[in-house]
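A look at the structure
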Amino acid sequence: MLRRTGAIGTLIALLTTLLLTASASAADRPAGPADSGCGVLAPGASAAAERAVDTACAQVAAGVWYTWGGGHGTQPGPTYGRKDPTDPASEHDPERLGFDCSGLVRYAYAQAAGADILNGDASAQYYTHRTAARFTAADGLAPLRPGDLLAYGTSADLHHIALYLGAGKMVEARQSGTKLMVSDVRLGGDYFGAVRVETGTVEGPVFRTWGTGVWTKAQPSVRAARVYAFPGPTTVRVACQKHAEPVTAEGYTNDAWSYLPDYRAWVTNIYIQGPAWLDGVPTCPN
């Protein structure tokens, strides 16, 4: 009886040692996607998009703060924020080193691409000429891949942007008083759409628009359906141009229209910086 009791005691001691060793090993491991809830949660993303997600998730794991205006220094990276006159919760933002929504996106893709390719606010990032694909709110989550940018607001006023992780999750710098976080994708309300970023070489002539609230059109006509409105000067790729309906605006008259492949839309050349007929742009086939 004593011999059996001793054997049981030895077994219990051995199991206790094994459990303590396993616990210590788990504690020594760095937090990964499964621990933080942040990471690439679906297949199909490019290597660069996955690097962008990993960069953003590293900031979540580090407990970085949202701070209004953060991340918009001369180089990508966290900066001290500013007080938002419309948000009392931003009182401590000047004391916090961190990012706002577009500052986080800028940093994530700068690290992924090795260049500062998304410098600007949410609108500038959504209306980037570095576009591999573009999706409307009606497309939902089905076609999205990790690293796609989710935009919120209206065509002319996009106020928030986040990185999709997959599995219905996104990483975002959401608001003052909170740290960077993983959230469920908010498809209702003012969800506007998504864009997939091209980090490589951009093909085709690139120009810049001017003016504010400039609408692109489904066809080269002022009566055609509206597609997107550029809130301000925007860099665009132009695939081709053609003579179509004459337009008079801003003191100019011109019948030349340019096709913008990233938007599947047309814009009058009046609102593109350059000559009335753009240099180096081919004529669209009829």
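See above for the structure.
This section reports on the structure supplied with the text. (Residues numbered from 1 in each chain as written. Predicted model: local features only at pLDDT ≥ 70, side-chain atom pairs only at ≥ 80, totals over all residues. Heavy atoms only, no water.)

Right, let's get into the nonpolar core. Formed by 56 residues in total, the largest nonpolar core has its most connected members in Y109, Y126, Y127, L149, L163, V238 and Y263. Sequence-distant contacts of Y126, that is, excluding residues within four places in its chain, are made with R134, F135, A151, L158, I161, F192, G193, A194, V195 and Y228. With 11 residues, the next largest nonpolar core counts L144, Y152, A162 and V185 among its residues. (Core = buried A, V, L, I, M, F, W, Y, C linked by side-chain atoms within 4.5 Å. Buried < 20%, exposed > 50% of the residue type's maximum accessible area, 1.4 Å probe, protein only. Contact = heavy atoms within 4.5 Å.)

On to the pairing of strand β7 (residues 169-172). One ladder, built from 3 bridges, connects strand β6 (residues 157-166) with β7; its direction is antiparallel. When the sheet's bridge partners are listed, Y164 is paired in β7 with M170. Taken together, β6 and the strand that follows it, β7, pair antiparallel across an intervening segment of 2 residues, in which A167 is found at a positive phi of about 55°. Here β7 runs beside strand β8 (residues 181-184); their pairing, made up of 4 bridges, is antiparallel. In the strand pairing of β8, K169 is matched with D184. (Pairing = 2+ DSSP bridges. Helix = DSSP H or I, 4+ residues; strand = E, 2+ residues; numbered from the N terminus.)

Once that is clear, we can look at the environment of S176. One can find S176 in the loop between β7 and β8. Note on S176: relative accessible area 7%, which makes it buried. Expressed as a C-alpha distance, the spacing of S176 and D93, which sit 83 residues apart in the sequence, is 7.1 Å. Apart from residues no more than four positions distant in its own chain, S176 is found in contact with Y66, W68, D87, A89, S90 and D93. Among the polar contacts listed, one links the side chain of S176 to the side chain of D93, at a separation of 2.6 Å. (Polar contact = N/O pair within 3.5 Å; in protein donor to acceptor, adjacent residues only side chain to side chain.)

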